[in-house]
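# Structural description and commentary
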Amino acid sequence: MTVLQEIKTWNSVRIGNICCAKAADKQLGISGIRITHRAYYLLEQAAFEGIDATLDLVRVTVQELGLKDGATTAEIHAVAARNGLSLCPAEVAPQLWLQHPSLMSWNKGSFIAMELIEDSEGNPSLLYLLAHCVTGRKLIAIRGGPDQIWNDSDHWVFVRK
């Protein structure tokens, strides 16, 4: 048994009903959730496949993946894959906020484990859910190439296969 087999499903999310970045931005805005320009750009570059599915998600720290001193993006993705987790489609990020707006308590956040997308400056980036007590709930983009090092306490969202 792997360490991750003991981690329960954190949440489920239905995907397939957002067609593009513009639709995600509109729906998030109606829900009072801000999307930054950089996050919007990433969603514009992402593939919205329109596949209707419900995904079971886990939220784990880098340490819970067995990487006790922090790790790179590539290491995090590799360990997760060896333990039966897969990367999220980019659509998971807006869908989590839309379907579960009270998902995280204030001053908490989660990185979405996903294929990296180049931002407008060519930097590999990913999406991040942020619940901040002053600025509210946001969907933001974070630079993080394969060699980016993350803290052992950082939370990541993966799809449970």
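Here, the structure is the one placed above.
All of the points below concern the structure found in this document. For every chain, the first residue of the written sequence is number 1, and numbering continues from 1 along that sequence. Given that this is a predicted model, residues contribute local features only at a pLDDT of at least 70 and side-chain atom pairs are listed and counted only at 80 or more, while totals for whole chains, interfaces and linings are drawn from all residues. Computation of side-chain values covers all heavy atoms of the structure but excludes hydrogens and water.

## Quick word on the overall build of the chain
Which entries qualify depends on this criterion: The secondary structure listing takes helices from DSSP runs of H or I that are at least 4 residues long and strands from runs of E that are at least 2 residues long, numbered from the N terminus. Each radius of gyration is computed over the set of C-alpha atoms, and the globule rule expresses the reference value as 2.2 Å times the number of residues to the power 0.38. Each residue is assigned to one of three classes by its accessible area relative to the maximum for its type, calculated with a 1.4 Å probe on protein chains only: buried under 20%, partly exposed between the two thresholds, exposed over 50%. Between two residues, a contact is recorded if the distance between any of their heavy atoms is within 4.5 Å. What sets the accessible areas is the Shrake-Rupley method with a 1.4 Å probe; for residues, cover comes only from the shown protein chains. Charged residues are defined narrowly, with Lys and Arg counted positive, Asp and Glu counted negative, and His plus the chain ends left uncounted. Every charge is mapped to an atom, namely NZ of Lys, CZ of Arg, CG of Asp or CD of Glu.
For the chain, the helix and strand inventory stands at 4 helices and 11 strands. Radius of gyration (C-alpha) of the chain: 15 Å, near the 15 Å computed for a compact globule of 161 residues. By its C-alpha atoms, the chain is 40 × 35 × 35 Å across when sized along the principal axes. When burial is assessed residue by residue, the chain has 48% of its 161 residues classed as buried. Taking all contacts inside the chain whose residues are at least 6 apart in sequence as the whole, residues at least 24 apart take part in 75%. With an accessible surface of roughly 8100 Å², the chain has 49% of that area assigned to carbon and sulfur atoms. Of the charged side chains in the chain, 15 are positive and 17 negative; the average position of the first set lies 7 Å away from that of the second.

## Considering the side chain of Asp119
Heads up, the condition is: Whenever a nitrogen or oxygen atom comes within 3.5 Å of another N or O atom, the pair is scored as a polar contact, on the condition that within protein one atom can donate a hydrogen and the other can accept it, and that pairs from neighbouring residues in sequence are kept only if both atoms are in side chains.
Relative to the helices and strands, Asp119 resides in the loop between strand 7 (117-118) and strand 8 (124-132). Within the structure, Asp119 has its side chain in polar contact with the side chain of Arg143 (distance 3.0 Å). For Asp119, the residues in contact, after removing those within four places along its chain, are Arg38, Tyr41, Leu42, Ser125 and Arg143.

## Overview of the packing of helix 1 (residues 21-30) against helix 2 (residues 37-45)
In plain terms, the rule: In this description, a line fitted to the C-alpha atoms serves as the axis of each element, helices being fitted only across the stretch in contact, and the angle between N-to-C directions of two axes falls anywhere from 0 to 180 degrees. Every angle not falling under 35 degrees, over 145, or within 65 to 115 is termed oblique; those three ranges are roughly parallel, roughly antiparallel and roughly perpendicular. In the scheme used here, Gly and all other residues not listed as nonpolar or charged are polar, with Ala, Val, Leu, Ile, Met, Phe, Trp, Tyr, Cys and Pro taken as nonpolar and Asp, Glu, Lys and Arg as charged.
Packing of helix 1 against helix 2 leaves a shortest axis separation of 8 Å and a crossing angle of 140°. On the basis of the axis angle, helix 1 is oblique to helix 2. Here Ala21, Lys22, Ala24 and Asp25 of helix 1 lie close against helix 2, whose contacting residues are Tyr40, Leu43 and Glu44. Among the residues making up the contact of helix 1 with helix 2, the classes are represented as 4 nonpolar, no polar and 3 charged.

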